[in-house]
Amino acid sequence: MSSSDKGKNYSEGSSSRSVTNPDIHHHQQQHQQAPLSRYESQKRRDWNTFGQYLKNQRPPVSLSQCNSNHVLEFLRYLDQFGKTKVHIQGCVFFGQPEPPAPCTCPLRQAWGSLDALIGRLRAAYEENGGSPETNPFGSGSIRVYLREVRECQAKARGIPYKKKKKKRNQVTRAAEEDESNQPAM
């Protein structure tokens, strides 16, 4: 048998074994995971971005040292990449929902984007071993910051923000309607 034949037999044998060997085939299937959902992919990207932000701090900040102040700094840092025009108090278009001309007011991250980001990072923190009690993304200062951003952006765009009323329980409402439809005795 020539050396080229040996190589040919070896490669043929190894490929046929990998296809017919059920242990190897099962092992390969275990390592092929279903693709991540859009939400899971975004959450992973956000988590990696936040981790990189902490590493780039001088001095670098470890995740165990991270607190709500670091999260607030991160949100302010992200503003420079925003796409939402937020009119400043002195702008002639302040309070107008659809200004007729461009202005020099800054672009910011939209409140809804920040709110969704915090939700994903809050979940990722706990999925990566952080406890809910120490989660910096769930702190009161983050909620206050998000509320202020929402109110400021709504005011600058002339869109009043109204808190949605919670829907009452359908069963309770149906029971009340039944009682009101009953004749009085």
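My aim in this report is to walk through the structure given alongside it, one point at a time. (Residues numbered from 1 in each chain as written. Predicted model: local features only at pLDDT ≥ 70, side-chain atom pairs only at ≥ 80, totals over all residues. Heavy atoms only, no water.)

**Description of the pattern of salt bridges**
Here is step 1 of the chain: Per the stated rule, a full pass over the model turns up three salt bridges.
Here is step 2 of the chain: Its salt-bridge partner being E40, residue K43 comes within 3.2 Å of it at the nearest N-O pair. Note that K43 and E40 are positioned in helix α3 (residues 38–55) at a spacing of three residues, about one turn of the helix.
Here is step 3 of the chain: One network of salt bridges, in which partners are shared, links E40, K43 and E127. (Salt bridge = Lys/Arg side-chain N within 4 Å of Asp/Glu carboxyl O. Helix = DSSP H or I, 4+ residues; strand = E, 2+ residues; numbered from the N terminus.)

**Observations concerning the nonpolar core**
The tendency in soluble globular proteins is for nonpolar side chains to be buried side by side.
Here is step 1 of the chain: F50, V71 and F137 are the most contacted members of the largest nonpolar core, which totals 22 residues.
Here is step 2 of the chain: Put simply, the parts of the chain that give this core at least two residues each are α3, α4 (68–78), α5 (111–127) and α6 (140–156).
Here is step 3 of the chain: Broken down by element, this core gets its largest block of residues, six residues, from α5.
Here is step 4 of the chain: For F137, the residues in contact, after removing those within four places along its chain, are W47, F50, V71, I118, L121, R122, Y125 and I142. (Core = buried A, V, L, I, M, F, W, Y, C linked by side-chain atoms within 4.5 Å. Buried < 20%, exposed > 50% of the residue type's maximum accessible area, 1.4 Å probe, protein only. Contact = heavy atoms within 4.5 Å.)

**Focus on the environment of W111**
Here is step 1 of the chain: Secondary-structure assignment places W111 in helix α5.
Here is step 2 of the chain: Between the alpha carbons of W111 and T84 there is a distance of 9.1 Å; along the sequence they are 27 residues apart.
Here is step 3 of the chain: Excluding residues that lie within four positions of it along the chain, W111 makes contacts with L146, V149, R150 and Q153.

**Brief notes about the packing of α4 against α6**
Here is step 1 of the chain: Following both chains from N to C, one finds α4 and α6 inclined at 25°, their axes separated by 9 Å at the closest point. When the interaxial angle is binned, α4 and α6 end up roughly parallel. The two elements α4 and α6 meet at a crossing, and its hand is right-handed. Contacts from S68, V71, L72, L75 and R76 of α4 reach α6 at S141, I142 and Y145.
Here is step 2 of the chain: Here the contact of α4 with α6 is composed, by residue class, of five nonpolar, two polar and one charged. (Axes fitted to C-alpha atoms, helices over the stretch in contact; angles between N-to-C directions. Parallel < 35°, antiparallel > 145°, perpendicular 65-115°, else oblique. Left-handed = near helix turned anticlockwise from the far one by under 90°. Nonpolar A, V, L, I, M, F, W, Y, C, P; charged D, E, K, R; others polar.)

**Side note on the side chain of R120**
Here is step 1 of the chain: As for its placement among the helices and strands, R120 is situated in helix α5.
Here is step 2 of the chain: A relative accessible area of 16% places R120 in the buried class.
Here is step 3 of the chain: Sequence-distant contacts of R120, that is, excluding residues within four places in its chain, are made with Y39, Q42, K43 and D46.

**Quick word on the packing of α3 against α5**
Here is step 1 of the chain: Remark: α3 packs on α5, axes separated minimally by 9 Å, with the N-to-C direction vectors making an angle of 80°. With respect to each other, α3 and α5 are oriented roughly perpendicular. The residues of α5 that touch α3, namely those facing Y39, E40, Q42, K43, D46, W47 and F50, are L117, G119, R120, L121, A123, A124, Y125 and E127.
Here is step 2 of the chain: Residues belonging to the contact of α3 with α5 are distributed by class as follows: eight nonpolar, two polar and five charged.

**A look at α5**
Here is step 1 of the chain: Spanning 17 residues, α5 covers 24 Å between terminal C-alpha atoms, matching the ideal 24 Å at 1.5 Å per step.
Here is step 2 of the chain: For α5, the complete set of buried residues consists of L114, L117, I118, R120, L121, A124 and Y125.
Here is step 3 of the chain: Here the buried face of α5 lies against α3, α4 and α6.
Here is step 4 of the chain: Of the residues one or two after α5, G129 is the one with positive phi, at around 100°. (Expected span 1.5 Å × (residues − 1).)

**Notes on the environment of C91**
Here is step 1 of the chain: As for its position among the elements, C91 is in the loop between β1 (84–85) and β2 (107–108).
Here is step 2 of the chain: By relative accessible area, C91 is classed as buried at 14%.
Here is step 3 of the chain: As for C91 and T104, which are separated by 13 residues in sequence, their C-alpha atoms are 8.6 Å apart.

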